[in-house]
Each structure stands twice: as structure tokens, then as C-alpha cells.
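# Close look at the chain arrangement
Here is what each chain is made of, one letter per residue.
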Amino acid sequence: MRILHTSDWHLGRSFHRESLLAGQAAFVDHLVETVRAERVDVVAVAGDVYDRALPPVDAVALLDQALARLRAAGARVVLISGNHDSALRLRFGSALFDAAGVHVRTAPEQSWEPVVVDDVAFYGIPYLEPELVRAAWELPDRSHTAAISHVMGRVRADAGRHRAAVVLSHCFVTGGQASDSERDISVGGVAHVPLSAFDGVDYVALGHLHGRQRMSETVRYSGSPLAYSFSEVGHVKGSWLVTLGGETEFVPAPVPRPIGRLRGALDDLLTEPRHAAYEDHWLQVTLTDAVRPKSAMERLRARFPHTLALSFDPVGAVPAAQHARVSGRPETEVTLDFVREVRGEPAAPEEETLLRQAIEASRVKETMA
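One structure accompanies this document, and this report is about it. Just so it is clear, the model here is predicted, and its values are computed rather than measured.

### Some words on helix α2 (residues 57–72)
Taking 1.5 Å per residue, 16 residues should reach 22 Å; α2 reaches 23 Å between its end C-alpha atoms and fits that length. All buried positions along α2 are accounted for by A59, L62, L63, A66, L67 and L70. Take α2 and look down its axis: the buried residues cluster within an arc of 130°, on one side only. More than 90 degrees from the buried face of α2, the exposed residues found are V57, D64 and A72.

### A word on the sheet that holds strand β4 (residues 42–46)
Spatially, the six strands line up as an open sheet ordered β6-β5-β4-β1-β15-β16, and their pairing is mixed. This sheet does not close on itself; its edge strands, each paired only once, are β6 (102–105) and β16 (248–252). Adjacent strand axes in the sheet meet at a mean angle of 20°, parallel and antiparallel pairs treated alike. Across four bridges, the pairing between strand β5 (residues 76–80) and β6 is parallel. Directly across from V78, in β6, lies its bridge partner H103. Packed on one face of the sheet, helix α1 (residues 21–38) meets β1 (2–6), β4, β15 (238–243) and β16 and runs near 165° to β1. The sheet strands contacting α2 are β4, β5 and β6, and the helix crosses β5 at an angle near 145°.

### Overview of the pattern of salt bridges
Taken as a whole and judged by the stated rule, the model has 16 salt bridges. The partner of E232 in a salt bridge is K237, with the nearest N and O atoms 2.7 Å apart. Comparing E232 with K237 shows no difference in burial state: the two are buried.

### Concerning the packing of aromatic side chains
Counted under the stated rule, the structure contains five aromatic pairs. Arranged with centres 6.2 Å apart and planes meeting at 75°, the rings of W9 and F27 form a pair that is edge-to-face. Of this pair, W9 sits in the loop between β1 and β2 (14–15) while F27 sits in helix α1, and the two are 18 residues apart along the sequence. Accessibility classification places W9 together with F27 in one group, the buried group. Judged by centre distance (5.0 Å) and plane angle (75°), the ring pair of W240 and F250 falls under edge-to-face. Separated by 10 residues along the polypeptide, W240 in strand β15 and F250 in strand β16 bring together distant segments of the chain. Residues W240 and F250 agree in their burial class; the two are buried. Linked through ring pairs, F15, F230 and W282 together constitute an aromatic cluster. Its end group placed over the ring of W112, R154 keeps NZ or CZ at 4.1 Å from the ring centre.

### Regarding unusual backbone geometry
The residue H10 is not glycine, and still its phi comes out positive at about 50°. The exposure class of H10 is buried, given its relative accessible area of 0%. Despite not being glycine, S295 has its phi angle at roughly 50°, a positive value. Inspection of the secondary structure puts S295 in the loop between β18 (282–287) and α8 (296–303). Given the relative accessible area of 46%, S295 is considered partly exposed.

Conventions adopted
- Residues numbered from 1 in each chain as written.
- Predicted model: local features only at pLDDT ≥ 70, side-chain atom pairs only at ≥ 80, totals over all residues.
- Heavy atoms only, no water.
- Helix = DSSP H or I, 4+ residues; strand = E, 2+ residues; numbered from the N terminus.
- Expected span 1.5 Å × (residues − 1).
- Buried < 20%, exposed > 50% of the residue type's maximum accessible area, 1.4 Å probe, protein only.
- Arc of directions from axis to C-beta.
- Pairing = 2+ DSSP bridges.
- Axes fitted to C-alpha atoms, helices over the stretch in contact; angles between N-to-C directions.
- Contact = heavy atoms within 4.5 Å.
- Salt bridge = Lys/Arg side-chain N within 4 Å of Asp/Glu carboxyl O.
- Phe/Tyr/Trp six-rings, centres within 6.5 Å; stacked < 30°, edge-to-face > 60°.
- Lys NZ or Arg CZ within 6 Å of the ring centre and 35° of its normal.

See the structure below:
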């Protein structure tokens, strides 16, 4: 049997206000092509299908198309909810979908009820909030380890009835490498789950962490199909193609636009030929000029039109003088002093006019509130 393991689609997500829908649609095209070319039997989607509980309508439409196309390409689909999804909303129509070969698992009590394909049992463990299952399952503590261990005990007890067992789970396995784009799941208790919790099955398709990772030969994260933060520079995105009883290989996904980070003085960034390779990238830029340049973003975008994030880390700047007295001074004076300190020169006359107008408007608004 051939399984395509993917996760963390986050349909509806943007990247620093840039829409990713076209890139996500291209990833769906890639999945469908892979299913056909590799004769995939089951596509396993390990959670965070949407980016938020109430997804935008175009994200819902894309998921609708994706499931229909994957099924038409010949694969069954097993899909679980992640911590970004609304389990109740994602569950809508799931009883009907089962009959069509699309198996959506979002209810905790379904975790040990397998989807059986050619005598291979697929156990879909959705994201489990420990506080919500602790009482019903009489867990010993409020932790993800307790919740996953309870489910895996039930899974192992059932798995022997089948030729092989595959688990889908959305969680943070101890030792996994996080990025800046995952939402913290520690609110509901201790977040990490030990790798040993997943012993005793043939393959574990993990979701939640956005970088592909091999936790063991049979326990892996596929990672997200696109980069969702600049901390993912250097990630190779895609899916794991798993042949039960055989090899597992990674299938890279298309890159709609590469991401990158640049650091340096503005003039150097604008003139150095070696930066030409970044002109089509989504960029995070850190400027090191001792004095903050005027119109920095506009000037950067003249060469790097897809610059999305800009920060300043002055090198060699003289520390700004600390003012002993702020309280009681006019807001305009304090604001203009701030501009002078961070820039190394006073505000231009038109800038000073805008600042005065903004301060006056704020004062009027507070008075009328």
C-alpha cells in the first residue's frame, strides 16, 4: 500500500498580508498529480487543514475541490482536525463523506475506530485538548501525553486485528523542531508527547510542526506545504510517500515564491550584485545603518519589490541620550525628540506638521470618547 502523508495546509492563511491561496491551489494540483503518478492508495492529512476555526469562503471552496479531485484521482482520503481547525465545523457531512471514500475524523472518541483500507487500519487522532477529555477518559493528569497515551492504548488493543496499522496525530512530539508559525498548544497542559507513546504501529503521520522531520523510521512530520514564517528559510516543503513494508521518500512541493532574509546597510543592499538572486523573493530585511534611512521600505522595494518585513539593528550607532524628564512636557516635543534620536536628524517640516496634526486628532478623540 502507498500512502501520501501531508499536513498543515492552513488554507486561508496569508504571509505578511500576501495571499497564499494561489500557492495553496498549486500545492493541491501537485498532490493530485502525485496521487496519479505514484498510484497512491491513501492520502493522510494530519490536521490544520484550515488556518482558523472560521475559514474564509475561498479556503472552504479550495478544500472542497481538493477532496473531490484526490478521490477522483483514485485515492482514499483520511483527514483529522488540528488545533487551528474547528472540529465541529470540519466534521460537517463526515458521515456522508465516509461513503464516498473521504474519512474526516475530528471527534476524540473516534480515535480508536479505524478506517480500514485493504485490511490496513488508519486511526485518526485529532488534536486532543487535555482539559476536554480528562474527565471522560479519567486521565491521571492534564497533559497531552496522558491523552495520547490513553488513545494509543486503545489503538494497540485493536490494531492486531489488521494487517497493518497507521496512525494520524496532531501533536508536538518531544525533540521536534518548531518554527515561528505554529500556534502554541501548551495552554491545555504539558504540550510535549514522548516518541515512545507511538510505539507498536507501522507508521505514524504527524502534523503540527511546519518543518519536515523524521522522529524515527516510522514516525514523521511532513511539515507544511508552504513557508508560513521567515524562520522557515531553507525548509524543503512537500509530503512523505510511504510504501508500507518498503521505502519512504520525500516528494518536494512546488515553491510559488521563495523566501529569504537579508541584512546590511541600505546602500550596500541596493547596489551589491550578489543580492540579485533575491530580487524575486519574499524578503525579511534588517538594516544595520547607524542612522535610520529615510523612506527605507520604498527604496528597498525599488530593487526588491516583494520585501514584506523591515527591521533596524544599527551597527556603530552612538547610544541615544536618555531624557530625564518626559512627564509634563508637550507631546509634540517628546515625539520630535524621539524622531531626532532614532534618525539622527530632526523631522522635516512636512513630517512635523503631520505629527502635530496626529497628536491633535488623538487629543480630540480622547476628549470626545
